[in-house]
2 protein chains.
Amino acid sequence: MPLPAEAVTALGNILGNRISLSRSDLDLHGRSEAWFPPTPPEAVVYPETTEEVAAIVRVCAAHGCPLTAWGAGSSLEGHALAVRGGISVDFTRMNRVLKVNPEDMDAVIQPGVTREALNVELRATGLFFPVDPGANATLGGMASTRASGTTAVRYGTMRENVLGLQVVLADGRVIRTGTRARKSAAGYDLTGLFVGAEGTLGLMTELTVKLYGQPEAISAAVCAFDAIGPAVETVIQTIQSGIPMARIEFVDAATAAAVNAYAGASFPEKPHLMVEFHGSTAGVAEQAQSFGEIVADNGGSGFAWSSRPEERNALWTMRHNAYYACLASRPGATALVTDICVPISRLAETVEETRADIAASHVPGPILGHVGDGNFHAILLVDPRSPVELAEARRLAHRMVERALRLGGTISGEHGIGMGKLGHMAAAHGEAWDVMGEIKRALDPAGLMNPGKMLRQG
Amino acid sequence: MPLPAEAVTALGNILGNRISLSRSDLDLHGRSEAWFPPTPPEAVVYPETTEEVAAIVRVCAAHGCPLTAWGAGSSLEGHALAVRGGISVDFTRMNRVLKVNPEDMDAVIQPGVTREALNVELRATGLFFPVDPGANATLGGMASTRASGTTAVRYGTMRENVLGLQVVLADGRVIRTGTRARKSAAGYDLTGLFVGAEGTLGLMTELTVKLYGQPEAISAAVCAFDAIGPAVETVIQTIQSGIPMARIEFVDAATAAAVNAYAGASFPEKPHLMVEFHGSTAGVAEQAQSFGEIVADNGGSGFAWSSRPEERNALWTMRHNAYYACLASRPGATALVTDICVPISRLAETVEETRADIAASHVPGPILGHVGDGNFHAILLVDPRSPVELAEARRLAHRMVERALRLGGTISGEHGIGMGKLGHMAAAHGEAWDVMGEIKRALDPAGLMNPGKMLRQG
Ligand SMILES: Cc1cc2nc3c(=O)[nH]c(=O)nc-3n(C[C@H](O)[C@H](O)[C@H](O)COP(=O)(O)OP(=O)(O)OC[C@H]3O[C@@H](n4cnc5c(N)ncnc54)[C@H](O)[C@@H]3O)c2cc1C
Ligand SMILES: Cc1cc2nc3c(=O)[nH]c(=O)nc-3n(C[C@H](O)[C@H](O)[C@H](O)COP(=O)(O)OP(=O)(O)OC[C@H]3O[C@@H](n4cnc5c(N)ncnc54)[C@H](O)[C@@H]3O)c2cc1C
């Protein structure tokens, strides 16, 4: 038991009734969105201030007790599971937007704020926060997984959108990284080091994030292709010609079919692109039209665009419904969602090889992705009671990762490593993985911050 | 003598005549663009391959000999001076563009390629690399200082434009960081850690950088204001309204006066903004006009814009000549160039306080900057033979840094720390500076990589 009784007492002294040992709480924090077996923590704590987080960390340091942060638990590689026992530090009570600076277009927030809550709070300011993973994740969890989503092609990922952090280190020290200045050349980029560290180096207790002005106008367009090749060629040419896309999403024929069944639609069962442009009224019209010309040059069909909200939503129906339509296409199935990212010149072949691989297997797997970044997912639909299917899905996912590495890409574009991709880190990074371990040991010598994830396991 | 004779012999065995002990070579590598006293290294080496760099590092590790990388030597805080002796590793012979991938819009290059050479080599591809510090720096040096320039407001700094690195570590291991994929959530962001590390953690031997399509059209505009306040307000409103500026530069009245004298021009001796827009022909015209409206709303005068190359150049005369005009405004003077960056809402007061501070001193100092990022410089013009003036300039620079910190900014927006800003690191970062030291010790326990810079000195 990594969590001794004295530690529970000490935590209780700090948190009063905001430490929970209840079965339901432990179970809730022992489940993930992924296929990993449930592993409940020994206790869940609900801090409300940075000082409480620092005090919790000091208690754990004194007792050698592991700590695993918990945001919304929406990560897909088992990131937030306390697999070595110890406590789950649930940030949902640290959910305040502390300050919005409209002139500087930034906000200072607590880590438990969700992206939807942040955007609701920003509505009156004319500003928004763009990073949009499919789930309503917390900003602390998103920063820690280096999340992105449909808008990364225009606004960047969490890497580009976190200006600064407050972090509690493994020994209880509280540091600040970054500033509210837009750029800095003053020392190591510690902000960038904690972003994407999956809670293995410290706990974020405050984030400063960039905001953007709501665009004056938005246009959206959709089109179909007979094959993935010309769809990707369209994306490449659009990027090269400098047309500033705010979103560009790909869905394959299987996804189109699933959406037709799910939403009673009648899209051609072909690969599709969906794009969105943000800018001035004249600008977004021009951009949609220039895009349409590139689509035509590449043999695309069914091109339609609009800047009217209802029509835009209709054009994006396929993307909005994609995930649940795919799930519904195989009743009772769970999804093993994979995530790779390659240089865009290799995207068509990567998707095609993956498509063929899945077609040759008995597990269905629609493909969709943030194609402007070269990033895509297969939603592998398995019967949760079938170890054979799970093994097959894992084999397919494994081959996708190998394909990404072979073609100059990364083993995860946005979901991260957690436990699910630990086995690929050596192949992906070689000795650079050792360097990550050296940094980890420098900042967390006892290995108490989210052990069992991302790093070589001692 | 940190460089023993056996080490020289061992280096000679690796490099043949590409190790130099000649006085002129040592002197050249002992000078900087800044006011620091010359400190020549004990030898200069000119590697041509990664393997040679690794072999050099191993020799130095075996003999406890410091290594300081040298790109173009254009850094402004004494970064590249071998202040603890040892060798200067000059990267100018590693100056090849290894691969350009037009579809992926990236290039793999050696660190000694200069930004101008890279853009010459890219000309035929229709692509360009945007980061443009005033000097013709090397990409290795620019990455290591986290450089930026006039285009950062649109294209980002080196932080956003380096996708991956090959690095030789202090023990001679060679690692790769990042991939050619546009984003990644696979482990610690080591690329981001080495970018801006000023050669204190390892030597970059290869960089993968992002490229951009040359815009179809470019428009430029210029305008004057009676005070800095409305100029900054114009910038803020332009950013908020989502008009995508490619460049937005500020020069103060003193700079305008210097340019008038230097270039025989007759600009009003007032604060000016110069902007540039990149996009489609219709887009850049619309953007220049929308900008003009914001200028008018803020009482700006003399607004003029054009998308014709010669006219654009004329509009930007002031900026292109600014640095040399300022130098020439005080014959015989050397410049102590300062660099701070603040949240843009605090920019007007930061510039005004700085302006007043300089006006009250006997050292002249025109102000100009990359105002879209909240980043500006004062070019403090001192008589190099006058210790009193140098002390006064340092006092002014010191107060600028304190002002930046007080107003939520950073002690360096783009020039970096080197030796010149070491004394401000504790105030800027608090215990986070210790964390930088912990990372340094983890990766370079003997402290041989560019000692005397950025970190607390042991
Ligand atoms: C339907 C669906 C669609 C998705 N689509 C996308 C997508 O498009 N793009 C994308 O990037 N992701 C996507 N995801 C994955 C998921 O939303 C992200 O991984 C998310 O960023 C995690 O945030 P969270 O708040 O749920 O964090 P959690 O899952 O609770 O935690 C994630 C990791 O961060 C750590 N952590 C949490 N809070 C902190 C903190 N304050 N300090 C330090 N560490 C902390 C945890 O310990 C854990 O390691 C999707 C998930 C689902 C279920
Ligand atoms: C007139 C003028 C205008 C300028 N304007 C700007 C501006 O607008 N924006 C801006 O950001 N800067 C500006 N600078 C500063 C300067 O150009 C930058 O600091 C530049 O980025 C340094 O590049 P370099 O090749 O000259 O490197 P050097 O000065 O040779 O070295 C800089 C640092 O990088 C390290 N280094 C060099 N190569 C490597 C390598 N391969 N691996 C590891 N470490 C390495 C060195 O050890 C040193 O610490 C200006 C300078 C001048 C003189």
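As the structure is a computational prediction, the values presented were derived from the model and not from experiment.

1. Some points on the side chain of Thr138 of chain A
Stage number 1. Within the element layout of this structure, Thr138 of chain A appears in the loop between β7 (127-128) and α5 (139-145).
Stage number 2. Setting aside residues no more than four positions away along its own chain, Thr138 of chain A makes contact with Gly71, Ala72, Pro111, Gly112, Val113 and Thr114 of chain A.

2. Side note on helix α15 (residues 387-406) of chain A
Residue and element names in this part refer to chain A.
Stage number 1. The terminal C-alpha atoms of α15, which comprises 20 residues, lie 28 Å apart, in line with the 28 Å expected from a rise of 1.5 Å per residue.
Stage number 2. What α15 keeps buried is the set Glu389, Glu392, Ala393, Leu396, Ala397, Met400, Val401, Arg403 and Ala404.
Stage number 3. As for α15, its buried residues are in contact with β16 (334-337), β17 (340-341), α14 (347-359) and β19 (375-382).

3. Describing the environment of Gly365 of chain B
All names here are of chain B.
Stage number 1. Following the sequence through the fold, Gly365 ends up in the loop between α14 (347-359) and β18 (367-370).
Stage number 2. By relative accessible area, which is 5% here, Gly365 ends up buried.
Stage number 3. Along the chain, Gly365 and His424 lie 59 residues apart, while their C-alpha atoms are 21 Å from each other.
Stage number 4. Ignoring sequence-local partners within four residues, the contact set of Gly365 consists of Arg355, Ile358, Ile379 and Leu380.

4. Considering the domain arrangement of chain A
Residues and elements named next belong to chain A.
Stage number 1. Looking at chain A, the domain boundaries give domain 1 (5-90), domain 2 (97-213), domain 3 (217-323) and domain 4 (330-425).
Stage number 2. Listed by partner, the interface residues are eight residues for domain 1 and 11 residues for domain 4.
Stage number 3. Taken over both partners, the interface formed by domain 1 and domain 4 buries close to 900 Å², and the fraction arising from carbon and sulfur atoms is 69%.
Stage number 4. It is Trp35, Leu76 and Glu77 in domain 1 that bury the most area against domain 4; as a group they hold 67% of the surface buried on that side.
Stage number 5. At the surface where domain 1 touches domain 4, the tally comes to zero salt bridges.
Stage number 6. For the side of domain 1 that touches domain 4, the per-class residue count stands at five nonpolar, two polar and one charged.

5. Some thoughts on the packing of helix α9 (residues 228-240) of chain A against helix α11 (residues 281-297) of chain A
Angle between the axes and distance between the axes: these two values describe a pair of packed helices.
Residue and element names in this part refer to chain A.
Stage number 1. At a minimum axis distance of 9 Å, the contact between α9 and α11 shows a crossing angle of 140 degrees. Comparing the axis directions of α9 and α11 gives the class oblique. For the pair α9 and α11, the sense of crossing is right-handed. On α11, the residues touching Thr234, Gln237 and Thr238 of α9 are Phe291, Ile294 and Val295.
Stage number 2. Looking at the contact of α9 with α11 residue by residue, the class counts come to three nonpolar, three polar and no charged.

6. Considering the site of ligand 2
All names here are of chain B.
Stage number 1. Looking at ligand 2, there are 36 residues lining it, with Ala69, Gly71, Ser74, Ser75 and Thr138 nearest.
Stage number 2. A distance of 3.3 Å is found between an oxygen atom of ligand 2 and a side-chain nitrogen or oxygen belonging to His370.
Stage number 3. At 2.9 Å, a side-chain N or O of Glu414 approaches a nitrogen atom of ligand 2.
Stage number 4. Summarising the interface, the protein chains cover 96% of the accessible area of ligand 2, which totals 990 Å² for the free molecule.
Stage number 5. Elements that contribute at least two residues to the shell around ligand 2 include exactly β3 (67-70), α5 (139-145) and β10 (202-210).

7. Looking at the packing of aromatic side chains
Residues and elements named next belong to chain A.
Stage number 1. Tallied over the entire structure, the rule returns 14 aromatic pairs over all chains.
Stage number 2. Consider the rings of Phe128 and Tyr155, whose centres lie 5.5 Å apart with planes at 85 degrees: the pair is edge-to-face. Of this pair, Phe128 sits in strand β7 while Tyr155 sits in helix α6 (residues 152-155), and the two are 27 residues apart along the sequence. When sorted by exposure, Phe128 lands in the same class as Tyr155, which is buried.
Stage number 3. Cluster of aromatic residues (ring-pair linked, three or more members): Phe128, Tyr155 and Tyr212.
Stage number 4. We note Arg93 situated over the ring of Tyr46; from NZ or CZ to the ring centre the distance is 5.8 Å.

8. A word on the interface of chain B and chain A
Stage number 1. Contacts between the two partners involve 77 residues from chain B and, on the opposite side, 77 residues from chain A.
Stage number 2. A buried area of about 6000 Å², summed over both sides, lies between chain B and chain A, and 55% of it is on carbon and sulfur atoms.
Stage number 3. Our count for the contact surface shared by chain B and chain A stands at eight salt bridges.
Stage number 4. A salt bridge links Asp189 of chain B to Arg159 of chain A; the nearest nitrogen and oxygen atoms lie 2.8 Å apart.
Stage number 5. Counting the contacts that link chain B with chain A gives 35 residue pairs in polar contact (both at pLDDT 80 or more).

9. A word on the state of the cysteines
In a disulfide, the sulfur atoms of two cysteines are held together by a covalent bond.
Stage number 1. Applying the stated criterion across every chain, the model contains zero disulfides over all chains.
Stage number 2. Distance from the sulfur of Cys60 of chain A, which forms no disulfide, to the nearest cysteine sulfur (Cys65 of chain A) is 3.9 Å.

10. Details of the site of ligand 1
Residue and element names in this part refer to chain A.
Stage number 1. Around ligand 1 there are 36 residues in total, and Ala69, Gly71, Ser74, Ser75 and Thr138 lie nearest to it.
Stage number 2. Separating an oxygen atom of ligand 1 from a side-chain N or O atom of Ser74 is a distance of 2.6 Å.
Stage number 3. At 2.9 Å, a backbone N or O of Met204 approaches a nitrogen atom of ligand 1.
Stage number 4. Protein burial of ligand 1: of its 990 Å² of free accessible surface, 95% is covered by the chains.
Stage number 5. Top contributing element to the shell around ligand 1 by residue count: α5, with five residues.

11. Brief notes about the pattern of salt bridges
Residue and element names in this part refer to chain B.
Stage number 1. In total, this model carries 58 salt bridges over all chains according to the counting rule given.
Stage number 2. With its nearest N and O atoms 3.4 Å apart, the salt bridge here joins Arg23 to Asp27. In this pair, Arg23 and Asp27 are both assigned in helix α2 (residues 23-28), four residues apart and thus about one turn of the helix distant.
Stage number 3. For Asp27, a relative accessible area of 29% translates into the label partly exposed.

12. Describing the sheet that holds strand β1 (residues 19-20) of chain A
Residues and elements named next belong to chain A.
Stage number 1. Pairing within the open sheet is mixed, and its four strands lie in the order β1-β2-β4-β3. Each edge of the sheet is formed by a strand with only one pairing partner; in this case those strands are β1 and β3 (67-70).
Stage number 2. Examined bridge by bridge, β3 and strand β4 (residues 87-90) share four bridges and lie parallel to one another. Residue pairing for β4: Leu67 is matched across the bridge by Ile87.

13. Some thoughts on the environment of Val131 of chain A
Stage number 1. Relative to the helices and strands, Val131 of chain A resides in the loop between β7 and α5.
Stage number 2. According to the relative accessible area criterion, Val131 of chain A is buried, its value standing at 2%.

14. Brief notes about the relation of the copies chain B and chain A
Stage number 1. In the superposition of chain B on chain A (RMSD 0.0 Å, axial shift 0.0 Å), the rotation amounts to 180 degrees. Both chain copies can therefore be described as sitting about a two-fold axis.
Stage number 2. Here 100% of the contact residues of chain B are again contact residues in chain A; the copies associate through an equivalent surface.

15. A word on the sheet that holds strand β4 (residues 87-90) of chain B
All names here are of chain B.
Stage number 1. Pairing is mixed in the open sheet, where four strands are placed in the order β1-β2-β4-β3. Since the sheet does not close on itself, it has two edges, and those belong to β1 (19-20) and β3, each with one partner.
Stage number 2. Judged from the two bridges that link them, β1 and strand β2 (residues 43-45) form a sheet pairing that is antiparallel. If you follow Ser20 over to β2, its bridge partner there is Val44.
Stage number 3. Contacting β2, β3 and β4, helix α3 (residues 50-63) runs over the sheet at an angle of about 150 degrees to β3.

16. What to know about the environment of Thr125 of chain B
All names here are of chain B.
Stage number 1. Inspection of the secondary structure puts Thr125 in the loop between α4 (115-122) and β7 (127-128).
Stage number 2. Polar side-chain contacts of Thr125 include one of 2.5 Å to the backbone oxygen of Leu122.
Stage number 3. Polar side-chain contacts of Thr125 include one of 3.1 Å to the backbone nitrogen of Leu127.

17. Some remarks on the pairing of strand β10 (residues 202-210) of chain A
All names here are of chain A.
Stage number 1. Where burial is concerned, most of β10 is hidden: nine out of the nine residues are buried.
Stage number 2. Bridging between strand β6 (residues 106-109) and β10 involves four bridges; their strand directions are antiparallel. Within β10, the residue paired with Val108 across the bridge is Thr208.

18. Quick word on helix α10 (residues 253-263) of chain B
All names here are of chain B.
Stage number 1. The complete set of buried residues in α10 reads Thr255, Ala256, Ala258, Val259 and Asn260.
Stage number 2. Of the residues that open α10, the one with a side-chain oxygen 3.2 Å from the backbone nitrogen of Ala254 is Asp252.
Stage number 3. Gly264 occupies a position one or two residues after α10 and carries a positive phi of about 60 degrees.

Rules used throughout
- Residues numbered from 1 in each chain as written.
- Chains lettered and ligands numbered in written order.
- Predicted model: local features only at pLDDT ≥ 70, side-chain atom pairs only at ≥ 80, totals over all residues.
- Heavy atoms only, no water.
- Helix = DSSP H or I, 4+ residues; strand = E, 2+ residues; numbered from the N terminus.
- Contact = heavy atoms within 4.5 Å.
- Expected span 1.5 Å × (residues − 1).
- Buried < 20%, exposed > 50% of the residue type's maximum accessible area, 1.4 Å probe, protein only.
- Domains from an automatic or database assignment.
- Buried area = accessible area lost by both parts, 1.4 Å probe.
- Salt bridge = Lys/Arg side-chain N within 4 Å of Asp/Glu carboxyl O.
- Nonpolar A, V, L, I, M, F, W, Y, C, P; charged D, E, K, R; others polar.
- Axes fitted to C-alpha atoms, helices over the stretch in contact; angles between N-to-C directions.
- Parallel < 35°, antiparallel > 145°, perpendicular 65-115°, else oblique.
- Left-handed = near helix turned anticlockwise from the far one by under 90°.
- Near = heavy atom within 4 Å.
- Polar contact = N/O pair within 3.5 Å; in protein donor to acceptor, adjacent residues only side chain to side chain.
- Areas by Shrake-Rupley, 256 points an atom, 1.4 Å probe, with all protein chains shown as cover.
- Phe/Tyr/Trp six-rings, centres within 6.5 Å; stacked < 30°, edge-to-face > 60°.
- Lys NZ or Arg CZ within 6 Å of the ring centre and 35° of its normal.
- Disulfide = S-S within 2.5 Å.
- Pairing = 2+ DSSP bridges.
- Least-squares fit on C-alpha atoms with pLDDT ≥ 70 in both.

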